[in-house]
Amino acid sequence: MSALVFVTPTWDATSWAEAMRKAAPGLDVSIWPDSGKAEDVTYACAWLPPPDVVKSFPNLKVIFSLGAGVDAILSDPTLPVGVPIVRVNDPDLTNRMSEYVVLHVLMHHRQQRRLDDAQAKGEWNSFPQHAAKDLSVGIMGLGVLGQDAARKLAMLGFNVRGWSRTKKDIPGVESFDAAGLDAFLSGTDILVSLLPATVDTDGILNTALFKKLSRRGPLGAPVIINAGRGRQQNEDDILACLEDSTLLAATLDVFHKEPLSTSSALWKHPRVTITPHAAADSEPATICSYVAEQIRKFEAGAPLENLVDTKRGY
Ligand code: NDP
Ligand code: OXD
């Protein structure tokens, strides 16, 4: 019998192990550090594994990231070389992220925070609303999540553009490659980051970049939405740019340090919307079914899907 171990020191994997036993009754499922004989373990599902743990299973065939992002796996400098890493690519997670992106783009587009504020004061304060076609949404990262969000925003009538390392061909979406960053930014009113955390994307959301965004849109100044990773954003720059009107508003789901410190000025800023890294939760039953299906296919001789390129870092 193959054995699978969960290595998730920052959260209790009990419900995950139960879900995995249901999804793959033929697997012997355990939770590190109660993982039995290390030699028996062939699959590991991990999130922020401590150094030397994953490599302590000498017969590991595949490592599964329990999220779409793989920074929480690649942060282990002792990962065994040559063992493939598979990440999550699941329609449920993708839908959740698109819901989040659409929700927050619409919230800014329809100026809902301003309306909430007026309601709290009991004020009938109506102001012009604008057509979706007059607003340009730019998505950084046109991968699995970015492409789905782009398509859904385009269906709502927004002008949608995307930036990725390599150019994409998505109907109704203008695509820019890595070299086209400035052109991409200059036509973007609402910027959405769905980039992975890599050395190339660290700190990319900073003052210099915000200043390149369009100021011609109907909102008067650009808005940013970051649901990629907190490492991408300079939080001091965001606050300063909100103060000097380089930015109009921000929605942030991810932060440098999570949970966000209670002392962060972002919490109370009237034009910042904070969500607690909840844009697209991974549900145990769904993700375990996905992992079980990958294992079934792999054991039947099919190639692994959604492999991580450790050199690129995503
Ligand atoms: P993918 O790997 O499918 O897509 C990543 C995209 O980013 C690709 O289009 C890639 O370009 C682009 N990219 C990577 N590096 C660069 C770079 N240096 N310059 C330009 N473009 C770059 O990932 P997913 O869409 O599945 O997920 C994206 C990220 O979303 C995850 O890594 C994770 O950080 C975050 N996430 C956040 C969640 C949340 O709840 N907040 C939930 C799930 C994921 P190319 O296509 O050319 O390779
Ligand atoms: C993920 C996440 O990467 O939840 O899946 O952040």
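About the criteria used
Residues numbered from 1 in each chain as written. Chains lettered and ligands numbered in written order. Predicted model: local features only at pLDDT ≥ 70, side-chain atom pairs only at ≥ 80, totals over all residues. Heavy atoms only, no water. Near = heavy atom within 4 Å. Polar contact = N/O pair within 3.5 Å; in protein donor to acceptor, adjacent residues only side chain to side chain. Areas by Shrake-Rupley, 256 points an atom, 1.4 Å probe, with all protein chains shown as cover. Nonpolar A, V, L, I, M, F, W, Y, C, P; charged D, E, K, R; others polar. Pairing = 2+ DSSP bridges. Helix = DSSP H or I, 4+ residues; strand = E, 2+ residues; numbered from the N terminus. Axes fitted to C-alpha atoms, helices over the stretch in contact; angles between N-to-C directions. Contact = heavy atoms within 4.5 Å.

A. Main features of the site of ligand 2. Close contacts around ligand 2 come from W47, G67, A68, G69, L93, R229, H277 and A280, and that covers them all. Residue A68 places a main-chain N or O atom 2.7 Å away from an oxygen atom belonging to ligand 2. Between ligand 2 and G69, the relevant distance is 2.7 Å, taken from an oxygen atom to a main-chain nitrogen or oxygen of the residue. For ligand 2, the protein covers 84% of the area, taking 210 Å² as the surface of the free molecule. Taken together, the residues of the shell around ligand 2 sort by class into four nonpolar, three polar and one charged.

B. Examining the sheet that holds strand β11 (residues 249-252) more closely. Ordered in space as β8-β7-β6-β9-β10-β11-β12, the seven strands form an open sheet in which the pairing is parallel. Sheet topology places β8 (173-176) and β12 (272-274) at the edges, where each strand pairs with a single neighbour. If you compare each strand with its neighbour and ignore which way they point, the axes differ by 15° on average. Here four bridges tie strand β7 (residues 159-163) to β8, and the two strands are oriented parallel to one another. Looking at the pairing, W163 lines up with F176 of β8.

C. Expanded view of the site of ligand 1. As a structural note, the neighbourhood of ligand 1 is formed by 30 residues, with R87, T166, K168, D253 and Y314 the closest of them. Within the contact set of ligand 1, an oxygen atom lies 3.1 Å away from a backbone nitrogen or oxygen of L142. L145 places a main-chain nitrogen or oxygen 2.9 Å from an oxygen atom of ligand 1. Broken down by secondary-structure element, the contributors of at least two residues to the shell around ligand 1 are α3 (91-109) and α5 (144-155). Partitioning the shell around ligand 1 into residue classes produces 15 nonpolar, eight polar and seven charged.

D. Representation of the sheet that holds strand β2 (residues 28-31). Taken in spatial order, the five strands make up an open sheet running β2-β1-β3-β4-β5, and their pairing is parallel. Each edge of the open sheet is held by one strand with a lone partner, namely β2 and β5 (85-86). For strand β1 (residues 3-7) and strand β3 (residues 41-46), the ladder comprises five bridges, and the chain directions are parallel. The residue of β3 that forms the bridge with L4 is Y43. Strands in contact with helix α1 (residues 14-23) are β1, β2 and β3; relative to β2, the strand with the most contacts, it is inclined by about 175°.

Note that every value here comes from positions in space, so none of it alone points to a role or purpose.
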